[in-house]
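# A closer look at the structure
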Amino acid sequence: RGAIRWVLRSRPVVYLGLVSYGIYLWHWYILRIVADWLDWPLYRGNWFVVLLLALPIVVFAASVSWFVLERPILRAAHRVAPRGGRSNRPPARGSHALNEA
């Protein structure tokens, strides 16, 4: 009901959460590229300008990473693995760790 809940449920924030792993993976590499492009040392240049220039590129790279790599891999994994990650069948005889000890 509150303002924080409203912000966290907004489409841009939900989308950033969806691609957040890609943001984590790509942000450092892209920040370095932008800082080098501006010919600024990463920690001595104007970091705010570097951030403003890198942010759309990072979100774009994370989006491509999500749609081209992560989502297809997750879909394939769900097709191969049984739902819930566990089989409804009982364990095979002798396969339990206590039986082997």
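Figured I'd write up the structure that's included with this text. Model, not experiment: these values are computed from the prediction.

Analysis parameters
Residue positions within a chain follow its written sequence, with the count starting from 1. This being a predicted model, a pLDDT of at least 70 is required before a residue's local features are given, and a value of 80 or more before pairs of side-chain atoms are given or counted; all residues contribute to the totals for chains, interfaces and linings. By convention in this description, side-chain values take in all heavy atoms of the structure and omit both hydrogens and water. Strands are runs of DSSP state E lasting at least two residues, helices are runs of H or I lasting at least four, and both sets are numbered from the N terminus onward. Each residue's exposure class comes from its accessible area (1.4 Å probe, protein chains only) as a fraction of the maximum for that residue type: buried when under 20%, exposed when over 50%, partly exposed otherwise. Between N-to-C directions, angles cover 0 to 180 degrees, with each direction set by a line fitted to C-alpha atoms, over the stretch in contact for helices. To sort the angles, those under 35 degrees are grouped as roughly parallel, those over 145 as roughly antiparallel, those from 65 to 115 as roughly perpendicular, and the leftovers as oblique. For a crossing to be left-handed, the near helix must be turned anticlockwise from the far one by less than a right angle; the clockwise case is right-handed. Any two residues whose heavy atoms approach within 4.5 Å at even a single point are treated as in contact. Under the scheme applied, nonpolar residues are Ala, Val, Leu, Ile, Met, Phe, Trp, Tyr, Cys and Pro; charged residues are Asp, Glu, Lys and Arg; polar residues are all the others, including Gly. Only buried residues count toward a nonpolar core, which is a set of Ala, Val, Leu, Ile, Met, Phe, Trp, Tyr and Cys residues joined through side-chain atoms within 4.5 Å. The span one expects for a helix is its residue count, reduced by one, times 1.5 Å. The angle separating two fitted axes, one through the seven residues that finish at a residue and one through the seven that start at it, defines the bend at that residue.

### Let's talk about unusual backbone geometry
A positive phi angle, close to 60°, is found at Asp39, a residue other than glycine. Relative to the helices and strands, Asp39 is located in the loop between α3 (20-37) and α4 (47-80). Judged by relative accessible area, Asp39 falls into the exposed class, the value being 67%.

### Quick notes on the packing of α3 against α4
Their axes nearest at 8 Å, the elements α3 and α4 cross at an angle of 140°. By the criterion of interaxial angle, the relationship of α3 to α4 is oblique. Where α3 crosses over α4, the two elements pack in a sense that is right-handed. Residues Tyr21, Gly22, Ile23, Trp26, His27, Ile30, Leu31, Val34, Ala35 and Trp37 of α3 form the contact with α4, whose own contacting residues are Val50, Leu51, Leu53, Ala54, Ile57, Val58, Ala61, Ala62, Ser65 and Glu70. In terms of residue class, the contact of α3 with α4 is built from 16 nonpolar, three polar and one charged.

### Details of the side chain of Ser63
Tracing the backbone shows Ser63 in helix α4. The class of Ser63 is buried, set by a relative accessible area of 12%. Among residues more than four places away in sequence, those in contact with Ser63 are Tyr15 and Val19.

### Some thoughts on the nonpolar core
One finds Ile30, Leu31, Val34, Val50, Ala54, Val58 and Ala61 forming the largest nonpolar core, which totals seven residues. Listing elements by their share of this core, those giving two or more residues are α3 and α4. With near-sequence residues (within four places) excluded, Val58 lies in contact with Ile23, His27 and Ile30.

### So, α3
Given a rise of 1.5 Å per residue, 18 residues ought to cover 26 Å, and the 25 Å separating the end C-alpha atoms of α3 matches this to within 8%. Of all bends in α3, the biggest is about 45°, found at Trp26. All of the buried residues in α3 are Gly22, Ile30, Leu31, Val34 and Ala35.

### Focus on the side chain of Ser65
Within the secondary structure, Ser65 is located in helix α4. Exposure remark for Ser65: the relative accessible area of 7% places this residue in the buried category.

### What to know about the packing of helix α2 (residues 11-18) against α4
Put simply, α2 and α4 touch, their axes get as near as 10 Å, and they point 65° apart. Contacts between α2 and α4 involve Tyr15, Leu16 and Leu18 from the former and Val59, Ser63, Trp66 and Phe67 from the latter. Here the contact of α2 with α4 is composed, by residue class, of six nonpolar, one polar and no charged.

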